[in-house]
Amino acid sequence: MIPKDRINADNNTRIDTHKHDLDHARELLARTNIDADAVIIEVARFSAAAPSWALGTGGTRFGRFPIGGEPRTTEEKVDDVAAMNALTGANRSISLHVPWDNPDDPAALKQYAEERGIAFDAMNSNTFQDNPSTTRDGAISYKFGSLCHTDAAVRDAAVEHNHYCIDLGIKLGSKAITVWLADGTSFPGQANFRGQFERTLDGLRRVYAHLPDDWRMFTEHKPYEPQFYSSVVNDWGSSLMLAHGVGERAMCLVDLGHHLPNANIEQIVSRLAMAGRLGGFHFNDSKYGDDDLTTGSIKPYQLFLIFLELLDAGEGRMPDIAYMIDQSNNLKDPLEDLMQATDAMQIALAQALLVDQAALADAQQSNDPALAQEILQGAFRTDVRPLVAEARRRNNAALDPIGTYRALGYRVEKIRQRGAEAVSTGL
Ligand SMILES: [Mn+2]
């Protein structure tokens, strides 16, 4: 745990500059009659779950370069998220990936996390890999798909694994399961599109039947990878068809990296919200494909436009859906990467809150695209960082999370405790 007094002590070295910057930001916003405190309060309310798999350094099929001190157990992953949350005040939950995380004693893990202020976000059922706990000790294989498979025994195993994840999640206090399927084909003619989809729909209905009443199920679309010709849940339309075919608590999850280049993701967000099926987000950024780059590092304007749609869906506030970061890269300390993502989301949210919605509606009504652009870019180009820092301060977190993280030497300490060779599971 990172003691609050150490964060406060580090904040004290930055507080005079912060107050000066915040006063200046308030002054700027007052000119356009924007209440800075309303923005700060909404930003302070926001939280994004950390994915358990991204607490170790990411890898590629070419290699991996661990930085040491990575969490070796699910408890240590909770420790890292708690440390991050102490610094950001905006990562209050962890999202587990089963079987990478498969606790023997869920009740004890739940208590361990609760004592550190961390809750369990959506469960993730990995049916994209073979492993003893999901594939009956090697008797079946997901090589040719899981829920879409031609062999009923494979489909049954995949359904059972999802049921297992739900049962585990119930014990942890989770309220949702995310089903991302690697199912698809890599060669034309390899499988029948319709047959694969219908088998998947049937499997998802069987997963859904196991959901408690207060749970939701998310389907996550992706156009390609690991299959390179077709994915069963290839886009938001297929995801929405599945949601409609399964039940009212079946929702669509949008992973920003799971789109072909130049896709208008903000419009997809609007469509799914309009259909009442926007269930959650996986935040990351991409240049070429599912690159898992840091949220906001490549296309910050797109991120701002997405938050604008979220506020539209929530009538001025962030809707109560699942927000998770889903990114990992070879080159950074994973905690710094996740903190940068959290900061980028809070900045985009603050910018989106600055948009004068009445003026924008007028510009739209009078067909004035130049004015509409002035309004959006005026908000996007405002330096909201002091507002975001103030939101963190009010959450008893750090004014400068990465600055404080480095000043406190968290990674050095973890390398000493866990070892330079400690490597996280799930990569
Ligand atoms: Mn994802």
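Notes on the structure follow.

About the cut-offs
Residues numbered from 1 in each chain as written. Predicted model: local features only at pLDDT ≥ 70, side-chain atom pairs only at ≥ 80, totals over all residues. Helix = DSSP H or I, 4+ residues; strand = E, 2+ residues; numbered from the N terminus. Rg over C-alpha atoms; globule rule 2.2 N^0.38 Å. Buried ≥ 20, exposed ≤ 12 C-beta atoms within 10 Å, placed from the backbone. Pairing = 2+ DSSP bridges. Right-handed = clockwise from strand over helix to strand, strands pointing away. Contact = placed C-beta atoms within 7 Å. Axes fitted to C-alpha atoms, helices over the stretch in contact; angles between N-to-C directions. Arc of directions from axis to C-beta. Left-handed = near helix turned anticlockwise from the far one by under 90°. Nonpolar A, V, L, I, M, F, W, Y, C, P; charged D, E, K, R; others polar. Core = buried A, V, L, I, M, F, W, Y, C linked by C-beta atoms within 7 Å.

Helix and strand content of the chain: 16 helices and 14 strands. In summary, the chain has a C-alpha radius of gyration of 22 Å against a globular reference of 22 Å for 427 residues, a match within 12%. Judged by the C-alpha coordinates and their principal axes, the chain covers about 65 × 60 × 40 Å. Going through the 427 residues of the chain one by one, you find that 48% of them count as buried.

Our focus in this paragraph is the pairing of strand S14 (residues 322–325). Neither face of S14 is open: one carries Ala322 and Met324, the other Tyr323 and Ile325, and all of them are buried. The pairing of strand S13 (residues 278–283) with S14 spans four bridges and is parallel. Counterpart to Gly280 in the pairing with S14 is Ala322. What joins S13 to S14 is helix H10 (residues 300–313), and the crossover it makes is right-handed.

Sheet architecture is open: seven strands sit in the order S5-S7-S8-S10-S12-S13-S14, paired in parallel fashion. Two strands bound the open sheet, and with one partner strand each, they are strand S5 (97–98) and S14. Bridging between strand S12 (residues 250–255) and S13 involves four bridges; their strand directions are parallel. Note on S13: the bridge partner recorded for Val254 is Phe281. Running over the sheet, helix H7 (residues 193–208) touches strand S8 (176–180), strand S10 (216–220) and S12 and is turned about 155° from S10. Strands in contact with helix H8 (residues 236–246) are S10 and S12; relative to S12, the strand with the most contacts, it is inclined by about 160°.

Here we have three strands laid out as an open sheet, ordered S1-S4-S6, and parallel in their pairing. Both outer strands of the open sheet, strand S1 (50–51) and strand S6 (119–120), are each paired with one neighbouring strand and no more. The pairing of strand S4 (residues 93–95) with S6 spans two bridges and is classified as parallel. Bridging from a neighbouring strand, Ser93 pairs with Ala119 of S6.

Right, let's talk about the pairing of S8 for a bit. Buried residues dominate S8, accounting for five of its five residues. Note that strand S7 (residues 123–125) and S8 share two bridges and pair parallel. When the bridges of S8 are listed, Asn124 appears paired with Thr178.

A few words on helix H9 (residues 265–274). Listed as buried for H9 are Ile265, Glu266, Ile268, Val269 and Leu272. One side of H9 carries all its buried residues, which in axial view fall inside an arc of 155°. On the buried face of H9, the contacting elements are H8, S12, S13 and H10. Gly276 sits one or two positions beyond H9 and adopts a positive phi of about 70°.

A cis amide bond, omega 20°, links Val98 with the succeeding residue Pro99. With respect to the secondary-structure elements, Pro99 resides in the loop between S5 and helix H5 (106–115). Of note, the amide linkage connecting Glu225 to Pro226 takes the cis form, showing an omega dihedral of 10°. Along the chain, Pro226 turns up in the loop between S10 and strand S11 (230–231). In this model, Glu315 sits at a positive phi of 50°, which is unusual for a non-glycine residue.

Here we take up the environment of Asn126. As for its position among the elements, Asn126 is in the loop between S7 and helix H6 (152–172). Residues Asn126 and Val98, 28 residues apart in the sequence, show an inter-C-alpha distance of 5.9 Å. Apart from the residues lying within four places of it in its own chain, the contact partners of Asn126 are His97, Val98, Pro99 and Trp100.

As a further point, take the environment of Asp235. Relative to the assigned elements, Asp235 resides in the loop between S11 and H8. Given 16 C-beta atoms within a 10 Å radius, Asp235 is considered partly exposed. Taking the C-alpha atoms as reference, Asp235 lies 37 Å from Gly68; in sequence the two are 167 residues apart.

We now examine the packing of H6 against H7. Relative orientation of the contacting elements H6 and H7 amounts to 35°, with a least axis distance of 9 Å. In this structure, H6 meets H7 at a crossing whose hand is right-handed. When H6 is examined against H7, the residues Arg155, Ala158, Val159, Asn162 and His163 are found in contact with a partner set consisting of Arg199, Gly203, Arg206 and Val207. Tallied by class, the residues present in the contact of H6 with H7 amount to three nonpolar, three polar and three charged.

By size, the foremost hydrophobic cluster in this structure holds 114 residues, and its most contacted members are Val43, Leu87, Cys252, Ala350 and Leu387. A per-element tally of this core places helix H11 (residues 334–353) first, with 12 residues. Non-local contacts of Leu87, meaning those with residues more than four positions away in its chain, are made with Ile2, Ile7, Met339, Ala397, Ala398, Pro401, Thr404 and Tyr405.

We now examine helix H15 (residues 401–408). Three or more residues of H15 are buried, namely Pro401, Thr404, Tyr405 and Leu408. Down the axis, H15 shows its buried residues gathered within 105° of arc, on one side only. Once H15 finishes, Gly409 follows within two positions and takes phi at roughly 65°, a positive value.

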